[in-house]
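Descriptive analysis of the structure
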Amino acid sequence: MRIGELAAVAGVSTRTVRHYHRIGLLPEPARQPNGYREYGLRDAAELARVRRLTALGLSLDEVRDVLADDAGKDLAEILAELDADLARQEEAIKGRRARLRDLLAQADADGGLPPETPVSPALAALFADFDRATAHLPGPEPESVALDRRLLALLDTSAAASGDWLGPLAGAFTTDPETTRRVYALYARLDELASAAPDDPRVEETARDLVALLPARLPVADPPATGAFLDAVCAGSPPAQAAVLRRVISLLKERTP
């Protein structure tokens, strides 16, 4: 058989056969005096086996290991590992589909999804609760609200246990209408600091008023709320707003027992 005939028998392309030769997966057959490769039944059977193994999900390196052992001693072990890997992928896919179903249900219930989506269910609930609690308040939404959403989404992604701080935060910001109004007013005050100097006296006042509204215990002493994370956030914020954030962290540390 010529290479084209061999490829047709195994259901692959001639390019694939040549690639298998280059990487040493299939041995080069003897060449005829005219320079053409001449393949036999054994070559066809070996190529067909490679195709069956790759169809099972084995990588070419794994196929090479199987073919190196004529008795197939390692094949059962490799197939067991493959089965376990596929099972893990199956569970991961189930989890992702469940998350997508939740997001679609949220979109139906709320008439859409926040621009930060996807976030954790706890943070999504906080965003939705805050939107509902502030829907009746007058005026355009402060720009600092959108900035805070992005910050919370980043913190939510980085934190090991977002539920430890999101639950208390949601309760503090949305349970009491008067507290929600004060939070909204603080966002407006942060907007006013966008062009202020970091030593503006309003920085200290705004930071203390914000801390007064926060739950008694937040995980501010551990990453990612401090260190490089905080530096990165502050670097992208106006100087006075960054000063408020740093002062808030400092005040929260001071009140932590």
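Below, the structure is looked at part by part.

**Side note on the overall build of the protein chain**
- Secondary structure assignment for the protein chain yields 12 helices and zero strands.
- Overall, the protein chain shows an N-to-C arrangement of helices and strands of α-α-α-α-α-α-α-α-α-α-α-α.
- By the burial criterion, 37% of the 257 residues in the protein chain qualify as buried.
- Restricting to contacts in the protein chain with at least 6 residues of sequence separation, those with at least 24 account for 60%.
- Only carbon and sulfur atoms are counted for the fraction: they give 56% of the accessible area of the protein chain, which is about 15,100 Å².

**Points about the packing of helix α10 (residues 201–213) against helix α12 (residues 239–255)**
- Remark: α10 packs on α12, axes separated minimally by 8 Å, with the N-to-C direction vectors making an angle of 45°. Here α10 lies oblique to α12, going by the angle between them. The chirality of how α10 crosses α12 is right-handed. Taking contact as the criterion, the partners of V203, E204, T206, A207, R208, L210 and V211 in α10 are, on α12, A240, A243, V244, R247, V248, L251, L252 and R255.
- Classifying every residue of the contact of α10 with α12 by side-chain character gives 10 nonpolar, one polar and four charged.

**Things to note about empty space enclosed by the protein**
- Evaluated as defined, the whole model comprises one cavity of 30 Å³ or more.
- Size it by volume and the largest cavity reaches roughly 90 Å³.
- L126, F127, F130, V145, D148, R149, L152, F173 and Y187 together form the lining of the largest cavity.
- When residues in the lining of the largest cavity are grouped by element, the largest group, four residues, is from helix α7 (residues 143–158).

**Observations concerning the pattern of salt bridges**
- Enumeration according to the criterion identifies nine salt bridges in this entry.
- Between E91 and K94 there is a salt bridge, and its shortest N-O distance comes to 3.7 Å. Residue E91 and its partner K94 are both found in helix α5 (residues 75–110); the two are separated by three residues, about one turn of the helix.
- Under the relative-accessibility criterion, E91 is labelled partly exposed at 49%.
- Judged by its relative accessible area of 47%, K94 is partly exposed.
- Within the structure, one salt-bridge network assembled from shared partners comprises R189, E205 and D209.

**Side note on the nonpolar core**
- Core analysis: the biggest nonpolar cluster contains 23 residues, and F130, V183, Y187, L193, V244 and V248 have the highest contact counts within it.
- Sorting elements by how many residues they give to this core places α12 first, with six residues.
- Filtering out sequence-adjacent residues up to four positions away, L193 remains in contact with D200, R202, T206, A240, Q241 and V244.
- By size, the runner-up hydrophobic cluster in this structure holds 18 residues, among which are L26, Y39, L67 and L82.

**A look at α10**
- Inspection of α10 places V203, T206, A207, L210, V211 and L213 among the buried residues, and these make up the whole buried set. Considered in projection along α10, the buried side chains sweep an arc of 155° and stay on one side of the axis. Pointing more than 90 degrees away from the buried face of α10 are the exposed residues P201 and A212.
- Where α10 begins, the side chain of D200 points an oxygen toward the backbone nitrogen of R202, at a separation of 2.8 Å.

**Comments concerning the packing of aromatic side chains**
- For the coordinates displayed, the defined rule picks out zero aromatic pairs.
- Here the basic side chain of R2 rests over the ring of Y36, its NZ or CZ set 4.5 Å away from the ring centre.

**Some details on helix α6 (residues 121–134)**
- Taking 1.5 Å per residue as the helical rise, α6 with its 14 residues ought to reach 20 Å, and the 20 Å between its terminal C-alpha atoms agrees with that figure.
- Those residues of α6 that fall on the buried side of the exposure criterion are L123, A124, L126, F127, A128, F130, A133 and T134.

Procedures and definitions
Residues numbered from 1 in each chain as written. Predicted model: local features only at pLDDT ≥ 70, side-chain atom pairs only at ≥ 80, totals over all residues. Heavy atoms only, no water. Helix = DSSP H or I, 4+ residues; strand = E, 2+ residues; numbered from the N terminus. Buried < 20%, exposed > 50% of the residue type's maximum accessible area, 1.4 Å probe, protein only. Contact = heavy atoms within 4.5 Å. Areas by Shrake-Rupley, 256 points an atom, 1.4 Å probe, with all protein chains shown as cover. Axes fitted to C-alpha atoms, helices over the stretch in contact; angles between N-to-C directions. Parallel < 35°, antiparallel > 145°, perpendicular 65-115°, else oblique. Left-handed = near helix turned anticlockwise from the far one by under 90°. Nonpolar A, V, L, I, M, F, W, Y, C, P; charged D, E, K, R; others polar. 1 Å grid on protein atoms, 1.4 Å probe; cavity = no way out; pocket = protein on both sides within 12 Å on 5 of 7 lines; lining within 4 Å. Points joined across faces, edges and corners; volume = space filled by probe spheres on them. Salt bridge = Lys/Arg side-chain N within 4 Å of Asp/Glu carboxyl O. Core = buried A, V, L, I, M, F, W, Y, C linked by side-chain atoms within 4.5 Å. Arc of directions from axis to C-beta. Polar contact = N/O pair within 3.5 Å; in protein donor to acceptor, adjacent residues only side chain to side chain. Phe/Tyr/Trp six-rings, centres within 6.5 Å; stacked < 30°, edge-to-face > 60°. Lys NZ or Arg CZ within 6 Å of the ring centre and 35° of its normal. Expected span 1.5 Å × (residues − 1).

Limitation: the analysis is restricted to geometry and does not speak to function.
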